[in-house]
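Here are the chains, one letter per residue:
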Amino acid sequence: MKYQAVIFDLDGVICHTDKYHYLAWKQMADDLDIYFDEEINNRLRGVSRMESLEIILEGSSRTFSDAEKEKLAAEKNERYVNLLGEMSAADLSSEVWETLEQLRGKGLKLAIGSSSRNAKLILERLGLKDYFEAVSDGTNIAKSKPNPEVFLKAAEFLHIEPDKCLVVEDARAGIEAAKNGGFDSAGMGEASASKDVTYAISSFGDLLKIV
Ligand code: B16
Ligand code: MG
């Protein structure tokens, strides 16, 4: 078997918290009278909270102090975390759940590689708190995707070399991160069109055809 482990991005792959990020950022953009749409939102996929804020603020003619930026990011996160309160195990699709179970049944180790500092809370909401062998997230990295740190840490936690791990991503930045770290990748949605993707997949269950 080519792969010994699969490292999953969280937001946009395992679950659809991307819609909550969008709503929370949209509220901020509207309050500041900044144009924000789905296309700009796509640039935020896999990117850290502060880098996401910088991208949205490009749409404003005024400048913001570091203290203002910290406050805006904290307020956005508060709105986002409130929205996460609406999530439960029912938000985990049966396709994702059944695919995870089958991958595990094939003897693969499963891990999370997410930029989010809320990853553990999301896993708890989905009923997946103790499901993955390793969780590497925004709380254990200094550099966000396209830097490979988050995936390299996941591989290190698993004690498996990058070339034996498959990374699953919905973000172009994530596919680039995988490539930079020496990982093969499977790209969904936006990420399936990345020039760096190893396998373009149209649905989560397609992973079973790869491994
Ligand atoms: P937080 P992923 C990423 O999660 C999101 O795609 C991205 O939109 C977000 O800005 C980032 O997490 C940080 O999230 O504000 O919760 O720390 O796709 O890497 O699982
Ligand atoms: Mg993602």
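Each remark here, short or long, concerns the structure printed above.
As a convention, each chain's residues are numbered from 1 in the sequence order in which they are written. Chains carry letters from A onward and ligands carry numbers from 1 onward, assigned in written order. In keeping with the predicted nature of the model, local features appear solely for residues at pLDDT of at least 70, side-chain atom pairs appear and are counted solely at 80 or more, and the whole-chain, interface and lining totals rest on all residues. Hydrogens and water molecules were not included; the side-chain quantities draw on all heavy atoms of the structure.

## Overview of the overall build of the protein
Going by this rule: Only DSSP runs of H or I with at least four residues qualify as helices, and only runs of E with at least two residues qualify as strands; both kinds are numbered from the N terminus onward. Here, two residues are considered to be in contact whenever any of their heavy atoms come within 4.5 Å of each other. Each accessible area is a Shrake-Rupley result for a 1.4 Å probe, and residues are judged covered by the shown protein chains and nothing else.
Counting its secondary structure elements, the protein contains nine helices and six strands. Counting only C-alpha atoms and orienting by the principal axes, one finds that the protein spans roughly 55 × 35 × 30 Å. Taking contacts inside the protein between residues at least 6 apart in sequence as the whole, the part at least 24 apart equals 59%. Total accessible area computed for the protein in this model is approximately 10,100 Å², and 47% of it derives from carbon and sulfur atoms.

## Some remarks on the site of ligand 1
Heads up, the rule is: Think of it this way: one heavy atom of a residue within 4 Å of a molecule or strand is enough to make that residue near it. Throughout this description, a polar contact denotes any pair of N or O atoms lying within 3.5 Å of each other; where both atoms belong to protein, one of them has to be capable of donating a hydrogen while the other can accept it, and for residues adjacent in sequence the pair is counted only when both atoms sit in side chains. Residues are grouped as follows: Ala, Val, Leu, Ile, Met, Phe, Trp, Tyr, Cys and Pro are nonpolar; Asp, Glu, Lys and Arg are charged; all remaining types, including Gly, are polar. For the purposes of this description, domain bounds are those given by an automatic or database domain assignment.
Close to ligand 1 lie 18 residues, the nearest being Asp 11, Val 47, Ser 116, Arg 117 and Asn 118. At 2.6 Å from an oxygen atom of ligand 1 is found a main-chain nitrogen or oxygen belonging to Val 47. Arg 49 is positioned with one of its side-chain polar atoms (N or O) 2.7 Å from an oxygen atom of ligand 1. When ligand 1 sits alone it has 470 Å² of accessible area, and the protein chains cover 98% of it. Across the shell around ligand 1, the residue classes break down as four nonpolar, eight polar and six charged. When residues of the shell around ligand 1 are assigned to domains, at least three fall in each of domain 1 (5-15 + 89-210) and domain 2 (18-84).

## Quick notes on the layout of surface pockets
Cut-off, in case you're wondering: Detection works on a 1 Å grid of protein atoms alone, calling trapped sets that fit a 1.4 Å probe cavities and calling open sets with protein on both sides within 12 Å along at least five of seven lines pockets, with lining residues defined by an atom within 4 Å of a point. Grid points are joined across faces, edges and corners, and a volume is the space filled by probe spheres set on the points.
In this model, the largest pocket occupies a volume close to 410 Å³. Residue lining of the largest pocket: 27 residues in total, with Val 47, Ser 48, Arg 49, Ser 115 and Ser 116 positioned closest to the centre. Elements with a minimum of two residues in the lining of the largest pocket: helix H1 (18-31), helix H3 (49-57) and helix H4 (66-84). Here the lining of the largest pocket is composed, by residue class, of six nonpolar, 12 polar and nine charged. Among the domains, domain 1 (5-15 + 89-210) and domain 2 (18-84) are the pair contributing at least three residues each to the lining of the largest pocket.

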